[in-house]
Amino acid sequence: MKNSSNANYHLDSIDKEIIYMLMDNAKTSLAHISKNVGISTTAVHQRIKKLEHAGVIENSISFLNPKKIGYKVISYIGVFLDQPSHYPEVVKSLKDINEVVEAHYTTGNYTTFLKVLCKDNDHLMQILSKLQKLKGVTRTETFISLEQGIYRQLKV
């Protein structure tokens, strides 16, 4: 069970090294981490469990490369809602659109900002059509990513 406290968790240098190794490769063995940080495999395991319990480490997953499976267009879509109160309902509907990989409730011009992966521009048009039919959506504004210059997790 994760710790629901909002308090900041203190990370020492060993915790950080463990986290960096797991960020680089979530499948890194405890023995390999142990050798690199200079503590026993049992101690590494205990630290990882504490970090998970505190909510510092949330998931151990592998990421798909969308381009390798045919999703060559990355777009960001600003969504204008007629009323901010429609946000929860819109997000619920967005969860049914597999290509929407992120949705953010934002300040500024857009009520919601999305990251959407598509196979091509025709596919993007199909997704836009779905989005524009959602209750509360008044219009959208689309940005297509030409290149992703930085892709990383936050280093602590």
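All values reported here derive from a predicted model rather than from experimental measurement.

Here is what the cut-offs are and how they apply
Along each chain, numbering runs from 1 in the same order as the chain's sequence is written. Local features are withheld for residues below a pLDDT of 70 in this predicted model, meaning they are given only at 70 or higher, and side-chain atom pairs are given and counted only at 80 or more; totals for whole chains, interfaces and linings count all residues. Values shown for side chains rest on all heavy atoms present in the structure; no hydrogens or waters enter the calculation. To obtain an axis, a line is fitted to C-alpha atoms, over the contacting stretch when the element is a helix, and the angle between two such axes runs from 0 to 180 degrees between their N-to-C directions. Runs of H or I in DSSP of at least four residues are treated as helices and runs of E of at least two as strands, each being numbered from the N terminus. Working rule for angles: under 35 degrees goes down as roughly parallel, over 145 as roughly antiparallel, 65 to 115 as roughly perpendicular, anything else as oblique. For any pair of crossing helices, the crossing counts as left-handed if the nearer helix is rotated counterclockwise from the farther one by less than a right angle, and right-handed if it is rotated clockwise. In this description, contact between two residues means that some pair of their heavy atoms is separated by no more than 4.5 Å. Each residue receives one of three labels: charged for Asp, Glu, Lys and Arg, nonpolar for Ala, Val, Leu, Ile, Met, Phe, Trp, Tyr, Cys and Pro, and polar for the others, Gly being one of them. Whenever a carboxyl oxygen of Asp or Glu lies within 4 Å of a side-chain nitrogen of Lys or Arg, that contact is scored as a salt bridge. Exposure classes here rest on a 1.4 Å probe applied to the protein chains alone. A residue is buried below 20% of its type maximum, exposed above 50%, and partly exposed in between. Two rings from Phe, Tyr or Trp (for Trp, the six-membered ring) form a pair when their centres are within 6.5 Å of each other. A pair whose planes differ by under 30 degrees is stacked, one over 60 is edge-to-face, and the rest are tilted.

1. Observations concerning the packing of helix α1 (residues 13-24) against helix α2 (residues 30-37)
The interhelical angle for the contact between α1 and α2, taken along N-to-C directions, is 135 degrees, at an axis separation of 10 Å. The pairing of α1 with α2 is recorded here as oblique in orientation. Our pair here, α1 against α2, has a crossing hand that is right-handed. Of the residues in α2, those in contact with Ile-14, Glu-17, Ile-18, Met-21 and Leu-22 of α1 are His-32, Ile-33, Asn-36 and Val-37. Within the contact of α1 with α2, the residues separate by chemical class into six nonpolar, two polar and one charged.

2. A closer look at the pattern of salt bridges
For the structure on display, the rule yields three salt bridges. One salt bridge connects Asp-12 with Arg-47, and the closest N-O pair in it is separated by 3.0 Å. Of this pair, Asp-12 sits in the segment before α1 while Arg-47 sits in helix α3 (residues 41-53), and the two are 35 residues apart along the sequence. Residue Glu-52 is joined to Lys-49 by a salt bridge in which the shortest nitrogen-to-oxygen separation is 3.4 Å. Note that Glu-52 and Lys-49 are positioned in helix α3 at a spacing of three residues, about one turn of the helix. Relative accessible area serves as the criterion here: at 44%, Lys-49 is assigned to the partly exposed category.

3. Some remarks on the packing of aromatic side chains
Within the structure shown, the criterion is met by six aromatic pairs. Ring geometry for Tyr-76 versus Phe-113: centroids 6.2 Å apart, planes at 15 degrees, classification stacked. Of this pair, Tyr-76 sits in strand β1 (residues 73-81) while Phe-113 sits in strand β3 (residues 112-118), and the two are 37 residues apart along the sequence. Tyr-76 sits in the partly exposed class, given a relative accessible area of 30%. The interplanar angle of 45 degrees and the centroid separation of 6.4 Å between the aromatic rings of Phe-113 and Phe-143 together place this pair among those described as tilted. In this pair, Phe-113 sits in strand β3 while Phe-143 sits in strand β4 (residues 137-145), placing the two residues 30 residues apart along the sequence. The exposure class assigned to Phe-113 is partly exposed, which follows from its relative accessible area of 25%. A relative accessible area of 35% places Phe-143 in the partly exposed class. Grouping aromatic residues by their ring pairs yields a cluster made of Tyr-76, Phe-80, Tyr-110, Phe-113 and Phe-143.

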